[in-house]
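# Secondary and tertiary structure notes
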Amino acid sequence: MTTTATIRNAIAIAATAALLGACASKGQPTAQYDFGPLTAATPTSASKIAPLIIADVAGPAALETERMHYRLLYSDANQPRPYAYNQWTATPAQLLTQRIKARIAQAGVKVLATTDAAASTTVLRMEVEDFAQNFDTATSSNGTLTLRASVFRSHKLVDQKTFSSSVAATSADAAGGARALSAASDAVAADLITWLAALPPSKE
């Protein structure tokens, strides 16, 4: 890489850091984000889905903190960076659990509590592989969610599938990332519902 190109790259990275709030002034109040209110859902064949338990979403340790992170794919994709004055209202794992439960219930599926379940009840377990706001350039980013879903009946695996969605952020900041990740979560939830409806019914 030439000296000029190196300087330009360094300037772009520094500009992104400033834009994302890493250089925010001392004492700036923290902005908090969640996934927003539920919007109308696309009609599905969810009536075919039997009542089920939805286990809490699992994933890497970064999902167990309210801090919001982003990655500069054009600089160092292996380094997650925290926003200085922006955070989630709950951990991403909790927000995803609440959102997916709400979307599945909104579709007409009966979501049961663990204490209400019989041994033969269908259980949906999910593990997140990726949940991030990824910047391709200093001004362009996407909210990406990838998770692996597993369905169990009578403690036996019925099926397993990985779902992924990437949504372009409308702004190059935490607010844009929050909106994009919310939309990606809703898209994954819709795909989950379609998949659940297509699974073979319980024989019991």
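Below is a summary of the structure that appears in this document. (Residues numbered from 1 in each chain as written. Predicted model: local features only at pLDDT ≥ 70, side-chain atom pairs only at ≥ 80, totals over all residues. Heavy atoms only, no water.)

### A word on the nonpolar core
If you look at the biggest cluster of nonpolar residues, it comprises 42 residues, and the most contacted ones within it are Ile104, Leu124, Met126, Phe131, Leu147, Trp195 and Leu196. Elements that contribute at least two residues to this core include exactly β2 (52-54), β3 (67-72), β4 (76-88), α2 (92-106), β6 (122-137), β7 (140-153) and α3 (174-198). Among the elements that make up this core, the one with the highest residue count is α3 (11 residues). Discounting chain neighbours no more than four positions away, the residues touching leucine 147 are Ile100, Met126, Glu127, Val128, Glu129, Lys161, Thr162, Phe163 and Val188. (Core = buried A, V, L, I, M, F, W, Y, C linked by side-chain atoms within 4.5 Å. Buried < 20%, exposed > 50% of the residue type's maximum accessible area, 1.4 Å probe, protein only. Helix = DSSP H or I, 4+ residues; strand = E, 2+ residues; numbered from the N terminus. Contact = heavy atoms within 4.5 Å.)

### Observations concerning the pattern of salt bridges
Per the counting criterion, the structure on display carries four salt bridges. For aspartate 186, the salt bridge goes to arginine 99, with nearest N and O atoms at 2.9 Å. Remark: arginine 99 occurs in helix α2 and aspartate 186 occurs in helix α3; sequence separation between them is 87 residues. Judged by relative accessible area, which is 7%, arginine 99 ranks as buried. Note that glutamate 129 and arginine 148 form a salt bridge whose closest N and O atoms lie 2.6 Å from each other. One end of the pair, glutamate 129, is in strand β6; the other, arginine 148, is in strand β7, and 19 residues separate them in sequence. Under the relative-accessibility criterion, glutamate 129 is labelled partly exposed at 43%. Via salt bridges that share partners, Arg99, Arg103 and Asp186 belong to a single interconnected network. (Salt bridge = Lys/Arg side-chain N within 4 Å of Asp/Glu carboxyl O.)

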